[in-house]
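# Analysis of the macromolecular model
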Amino acid sequence: MKRWSCRALRVLALGCVVWCTRAADAKDYTGYRVVHLTDVTRAQLDALEAGGAVVLDCVPHPGDADVVVSPQQLATLRDLGITYQVEQENLQALIDAERAPSTRGTGDPFDDFFLDYHRYDNGTGSIIWFMNELASRYPNLATMIDIGTSIDGRTIWAMRIANDAVAGNKPGALYFSCVHAREWITTTIPPYFAKHVLESYGNDVVITDMVDHTEIFLVPVSNPDGYEFCWTDDRLWRKNRAINSNGTIGVDINRNWSEAWGIDDDGSSGSPSSATYRGPAPFSEPETRALRDVVLNHPNIRTMLDIHSFSQLILWPWGYTDALCPDDPLFREHGYAMRDLIYAVHEEDYTAGPTYTTIYAVNGDSLDWGYAQHGILGFSFEVRPKEGAFGTGFLLDKSEIIPNNEEILPAMLYLTNTDFVRSPVIIELDSEIPEVITPGQAVPLAVSVTSQYENLVPGTPRMYYRYDPAGPFNEVPLTPVSTNGYTAELPATNCSSTPEFYFAADGDGGSVVTLPRPAELAPFDPPVAVGVFYAANMDSDPGWTAQGQWAWGVPTGGGTFNHDPTSGHTGANVYGYNLSGNYADNLPATYLTTAPIDCTGEFGVELRFWRWLGVESSFGFDDATVEVSNDGLNWTVVYSAADEHATDNGFVVDTEWVHQTFDISAVADDQPTVYLRWGMGPTDGSNALPGWNIDDVVLFSKGCVAIAGDYNGDSVVSAGDLYGLNDCLTGPAGGLLPTCGVFDFDADGNVDLTDFAAFQELAAP
Ligand SMILES: [Zn+2]
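So, here's what we can say about the structure. Treat the numbers as computed from the prediction; the structure is a model and nothing was measured.

### A few points about the sheet that holds strand E29 (residues 636–640)
- One open sheet holds the 5 strands; their spatial order is E22-E25-E32-E28-E29, and the pairing between them is antiparallel. For this open sheet the edge positions go to strand E22 (545–546) and E29, each flanked by a neighbour on one side alone.
- In this structure, strand E28 (residues 624–629) lies alongside E29, joined through 4 bridges in antiparallel fashion. Note on E29: the bridge partner recorded for Val626 is Tyr639.

Quick look at the structure:
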């Protein structure tokens, strides 16, 4: 018996985890080097592997490769004439560091779980212990299920997350990790996702809705034998622990699926000693069958993640051919979206694309099978690190477990919530939701409704809206205008409203689909506000006061560095400083100033405009400013180029139109004479640039002041508001109906005859 038995040791000593982490005969990598090879051929890689070298890639392929070599194998490299560079002198030092227990944490194995890597299933602190602990804390949402048994007799566990108290047809998702044993970071991802989702249930409306209406399967370790072998024997083991016909060990589970299995011998190996050995037949391995059977037993599964490390990639079918799959645009849309979500968290770059063209041929993999056989929108993640710098590729420092999960989590939530997965009928916006609803104006809206995995029930597309968050939603049918197109109109309202609205449609499988999702808890809710109340689009000369070379007209593309534009942001004209080139050296501050603008009754005022600016900004050599005043005498600077992070050698050099927004409420709100001005200069004696170009200047009011009695929001109290008063008249203690706040003159929480009298007095001619 060569290997230590954990089970036996556990009864002997509490220190079992320590004992088991380093079995007596574990492979010692002392003196082994990690080398980076360039321009290596398939034949050379095979020769190295046959000699015992380990290729350090999730998808080993010719070209560039990181390889672990013993001192003897290093000599072989030289003999073969392969170019190499030593990246890591002593691999064992990294392995030892990985196994040192984390010194951070509380001492509670549940709370500290993501500070360390853990054994598969050997009691407290192990991965399956953690998943069981989670399931016991959320018994109504999570259960552990046995999906199969490995070659060595280990149970392959999955967590099922679903709320069975909520009825209905539910789409499924299967997310599985650690198909390749040495890719340890991946074992932390399903537990982290599970913990976040379960802890967010009831707190986060989107996740609560997701758990109520999906069925999610999470497999933290798909290859438990190989994973345990990494702990006890060889940290760099990849395959499962099948005994092959020639006595070698292991099949690559991600080359063992039936789709395009072994085709053209390109993308897997028929050689049992290879790291990418595809096995004697498709689905020859119980680990592959366990994953397959989750899909076969749950035909509701619509998405899949096969999670690997490393390289920071997002991959989709096909793996076996360089042809794009028929749904490549759909995969690309969601692959790119996940890439951007990952980047947004810690600015880690992921590359997204089809497997074959992004890395190399892979045949017999899970994604191709899921897509070809079951139409599954499946992706592979290759998570951190980007490169195996210093040979650490599979040995990701434990301090990166949490950051890696923080960035993968939003991508997994996104995928689970895509319309492809979640919407049997898809409702899409054809018109933008307005930034604000203008009081007194109805809002036209357009949507498309299309069938996906249920058929749309004709006549069911509808809109719900309300103007009082405590009131009921009004239901109105959408008006069909084309095969899939519909319109609706949100009725005009007033400043005392809090609008909320959403769309819904029914599928013939009994599903009710909404946009947004979940609708009643997270409806569209743009505020009622005035919006744009002043605009100068420069199509005609606004007649502002222009000093020096400020001029209205067509810019000519002149000047140095970034050059002026050759037209406006919209239309041909702009206001610019020197329409035909640079500003001058040694220029005093020279202004373009608007006429007074009436901001009475406007609140939360913003100045918005488009600029194309070139100025030597750093250290205040040259300046360009935006200023605002409410008396034409005292000016507040809201922008100075000197404060802007200079983009290129201390210069601000716009090469396209750039949108600018400034909050000027402190100066402009409710003021009758507001002036804006743009300053060019002062400038120093060198490095003149093209200066200002300005277009589409707008003042935007984010506020809205309810006018008592003005029900229809047209700013006038008149007979036109009377119809609302009739509807709002609830009498004493009758409460305040939606949008009726404008009639509650005496502010006693209802609209009664006292208010009616007050209205009559105001509306009287
Ligand atoms: Zn892998």
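### Details of the pairing of strand E24 (residues 574–577)
- Residues Val574 and Gly576 line one face of E24 and the alternating positions Tyr575 and Tyr577 line the opposite face, and both faces are buried.
- Judged from the 4 bridges that link them, strand E23 (residues 550–553) and E24 form a sheet pairing that is antiparallel. By the bridge assignment for E24, Trp550 is matched with Tyr577.
- Taken together, the 2 bridges between E24 and strand E33 (residues 693–701) define a ladder with antiparallel strand orientation. Bridge pairing links Gly576 to Asn693 in E33.

### Quick look at the packing of helix H7 (residues 189–200) against helix H8 (residues 205–212)
- At their nearest, the axes of H7 and H8 sit 8 Å apart, and the two run at 105° to each other. Relative to H8, the element H7 lies roughly perpendicular. For the pair H7 and H8, the contacting residues are Phe193, His196, Val197 and Ser200 in the first and Ile207, Thr208, Met210 and Val211 in the second.

### Considerations on the packing of aromatic side chains
- A full pass over the atoms with the stated rule returns 41 aromatic pairs.
- In this structure an aromatic cluster arises from ring pairing among Trp316, Trp318, Tyr320, Phe331, Tyr336, Tyr371 and Phe379.
- Sitting over the face of the ring of Phe229, Arg241 holds its NZ or CZ atom 3.5 Å from the ring centroid.
- A cation over an aromatic ring shows up here: Arg278 above the ring of Trp261, its NZ or CZ 5.6 Å from the ring centre.

### Regarding the coordination of the zinc ion
- Bound to the zinc ion are the protein donor atoms Cys58 (SG), His180 (ND1), Glu183 (OE), Glu183 (OE) and His308 (ND1), situated 2.0 to 2.4 Å from the metal.
- By relative accessible area, His308 is classed as buried at 1%.

### Things to note about unusual backbone geometry
- Of note, the bond from Pro317 into Trp318 is cis; its omega dihedral lies within 30 degrees of zero at 0°.
- Geometrically, the link from Gly681 to Pro682 is a cis peptide bond, its omega value of 0° lying close to zero.
- Among the secondary structure elements, Pro682 is positioned in the loop between strand E32 (675–680) and E33.
- The phi dihedral of Gln312 falls on the positive side, at around 60°, and the residue is not glycine.
- By the secondary structure assignment, Gln312 is in the loop between strand E9 (301–309) and strand E10 (313–316).
- Given a relative accessible area of 1%, Gln312 falls into the buried group.
- Phi angles above zero are rare outside glycine, and Ala747 is one such case at about 50°.
- Judged by its relative accessible area of 64%, Ala747 is exposed.

### Structural notes on the environment of Pro526
- Looking at where Pro526 falls in the secondary structure, it is placed in the loop between strand E20 (512–515) and strand E21 (531–536).
- Sequence spacing of Pro526 and Glu435 is 91 residues, and the spatial spacing of their C-alpha atoms is 6.0 Å.
- When sequence neighbours within four positions are dropped, the list of residues in contact with Pro526 reads Ile433, Pro434, Glu435, Val436, Ile437, Pro499 and Phe501.

### What to know about the state of the cysteines
- A complete count under the given rule lists 2 disulfides for this structure.
- A sulfur-sulfur separation of 1.9 Å characterises the disulfide bridge that pairs Cys728 with Cys740. Linking Cys728 and Cys740, the disulfide has an S-S dihedral of approximately -75° and is accordingly described as left-handed. Residue Cys728 is located in helix H17 (residues 722–728), and its partner Cys740 is located in the loop between H17 and helix H18 (753–763); the two are separated by 12 residues in the primary sequence.
- Of all cysteine sulfurs in the structure, the one in Cys230 sits closest to Cys178, which takes part in no disulfide; the separation is 7.1 Å.
- On the accessibility criterion, Cys178 (0% relative accessible area) is buried.
- Unpaired in this structure, Cys599 has its nearest cysteine sulfur neighbour in Cys704, at a distance of 16 Å.

How each quantity is defined
Residues numbered from 1 in each chain as written. Predicted model: local features only at pLDDT ≥ 70, side-chain atom pairs only at ≥ 80, totals over all residues. Heavy atoms only, no water. Pairing = 2+ DSSP bridges. Helix = DSSP H or I, 4+ residues; strand = E, 2+ residues; numbered from the N terminus. Buried < 20%, exposed > 50% of the residue type's maximum accessible area, 1.4 Å probe, protein only. Axes fitted to C-alpha atoms, helices over the stretch in contact; angles between N-to-C directions. Parallel < 35°, antiparallel > 145°, perpendicular 65-115°, else oblique. Contact = heavy atoms within 4.5 Å. Phe/Tyr/Trp six-rings, centres within 6.5 Å; stacked < 30°, edge-to-face > 60°. Lys NZ or Arg CZ within 6 Å of the ring centre and 35° of its normal. Donors = N, O, S within 2.8 Å, 3.2 Å for Na, K, Ca; no water. Disulfide = S-S within 2.5 Å.

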